[in-house]
Amino acid sequence: MRILIVEDEPTLGKQLKSTLEGAGYAVDLSVDGEDGHYMGSTENYDAIILDLGLPEIDGLTVLNRWRKEGRKFPVFVLTARDSWSDKVAGLDAGADDYLAKPFRTEELIARLRALIRRASGNASSELSVGDVRLDTRSGRVTLDGQPVKMTAQEYKLLSYLMHHKGKVVSRTELIEHIYDQDFDRDSNTIEVFVTRIRKKLGQDVISTIRGLGYSLEEPVS
Ligand code: CA
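Chemist: Got a sec to walk through the pairing of strand 7 (residues 132-135)? Specific residues and values, please.
Modeler: Two elements, strand 6 (residues 126-129) and strand 7, share four bridges in a ladder whose sense is antiparallel. Along strand 7, the bridge assignment pairs Ser128 with Arg133. Between strand 6 and strand 7, which follow one another and run antiparallel, lie two residues, and Gly130 among them has a positive phi close to 55°. Judged from the four bridges that link them, strand 7 and strand 8 (residues 140-143) form a sheet pairing that is antiparallel. Bridge pairing in strand 8 places Arg133 opposite Thr142. If you look at the hairpin formed by strand 7 and strand 8, you'll find four residues sitting between the two strands, and Gly139 has a positive phi there, around 75°.

Encoded structure:
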């Protein structure tokens, strides 16, 4: 899952980026409205955290532009101004959730997880396929109830596929959603991660759809 943070306060922006990376997300950080708008229009994000008071272009305008362009990713609005009119304007512009500063990072992460889950059509915070379970709250993966150690990249890949269970996901889509902008992207590494995940969780857990990509399917028993 890949997140864009658009936040001009350097300390808060960096702190959010590192916290979200620690929680298993690929994260890009943008520090003004113009760059933030461009990133959101050209890259594929699973959610965006958007501050309203931004240099260059304000957050509400950025959000309005994305929605007019048909960008549907969930947007989480942050603002220092805790007023009803700001909340209403943000929600009217197409925000999916709202948090006033100062806030607790734990609350932001919990609500962000819920947003991403709902956007991909998952009601529960625990995702499962066959005997494999992935708890999006703790970042833990189990097989038959036994914990399985995953590297950060393996977890990101598995989490993306589990959020999109039953759909065919191309390598390109995986690359776009598990790496941040600065990462040296190599599509061959996707195959390597898939092989490692199969070794840990069983050969059948991820199906290769020739020429199209990968898919996680509920096993037929
Ligand atoms: Ca600001």
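Structure shown, so let's carry the discussion forward.
Chemist: So what about the pairing of strand 3 (residues 47-51)? Which residues, and what values?
Modeler: Within strand 3, five of the five residues are buried, which leaves the element mostly enclosed by the surrounding structure. Neither face of strand 3 is open: one carries Ala47, Ile49 and Asp51, the other Ile48 and Leu50, and all of them are buried. Two elements, strand 1 (residues 2-6) and strand 3, share four bridges in a ladder whose sense is parallel. By the bridge assignment, Ile5 is partnered in strand 3 with Ile49. In this sheet, strand 4 (residues 75-79) lies alongside strand 3 in parallel orientation, the contact comprising four bridges. Following the sheet pairing, Asp51 is matched in strand 4 by Leu78. At this point the chain moves from strand 3, through helix 3 (residues 59-68), to the parallel strand 4, and the crossover so formed is right-handed.

Chemist: Now, about helix 3: what can you tell me, with residues and values included?
Modeler: Listing the buried residues of helix 3 in full gives Gly59, Val62, Leu63 and Trp66. Viewed end-on, helix 3 has its buried residues packed into an arc of 95°, placing them on one side of the element. Looking at the buried side of helix 3, the elements it contacts are strand 1, helix 2 (33-42), strand 3, strand 4 and helix 4 (84-92). Its side-chain oxygen at 3.1 Å from the backbone nitrogen of Leu60, Asp58 defines the N-terminal cap of helix 3. With its phi angle positive at about 85°, Gly70 sits one or two positions after the end of helix 3.

Chemist: Please give an account of the packing of helix 1 (residues 10-22) against helix 5 (residues 105-119) that cites residues and values.
Modeler: Between helix 1 and helix 5, whose axes approach to 11 Å, the crossing angle comes to 55°. The angle between helix 1 and helix 5 falls in the class oblique. The handedness of the crossing between helix 1 and helix 5 comes out as right-handed. Mapping the contact onto sequence places Gln15, Leu16, Thr19 and Leu20 in helix 1 and Thr105, Leu108, Ile109 and Leu112 in helix 5. Across the contact of helix 1 with helix 5, the residue classes break down as five nonpolar, three polar and no charged.

Chemist: Kindly report on the sheet that holds strand 9 (residues 146-148), identifying the contributing residues and their values.
Modeler: Taken in spatial order, the four strands make up an open sheet running 6-7-8-9, and their pairing is antiparallel. Both outer strands of the open sheet, strand 6 and strand 9, are each paired with one neighbouring strand and no more. Strand-to-strand twist of the sheet, defined as the mean angle between neighbouring strand axes without regard to direction, takes the value 30°. Together, strand 6, strand 7 and strand 8 form the strand contacts of helix 6 (residues 152-163), whose direction differs from that of strand 7 by roughly 100°.

Cut-offs applied
Residues numbered from 1 in each chain as written. Predicted model: local features only at pLDDT ≥ 70, side-chain atom pairs only at ≥ 80, totals over all residues. Heavy atoms only, no water. Pairing = 2+ DSSP bridges. Helix = DSSP H or I, 4+ residues; strand = E, 2+ residues; numbered from the N terminus. Buried < 20%, exposed > 50% of the residue type's maximum accessible area, 1.4 Å probe, protein only. Right-handed = clockwise from strand over helix to strand, strands pointing away. Arc of directions from axis to C-beta. Contact = heavy atoms within 4.5 Å. Polar contact = N/O pair within 3.5 Å; in protein donor to acceptor, adjacent residues only side chain to side chain. Axes fitted to C-alpha atoms, helices over the stretch in contact; angles between N-to-C directions. Parallel < 35°, antiparallel > 145°, perpendicular 65-115°, else oblique. Left-handed = near helix turned anticlockwise from the far one by under 90°. Nonpolar A, V, L, I, M, F, W, Y, C, P; charged D, E, K, R; others polar.

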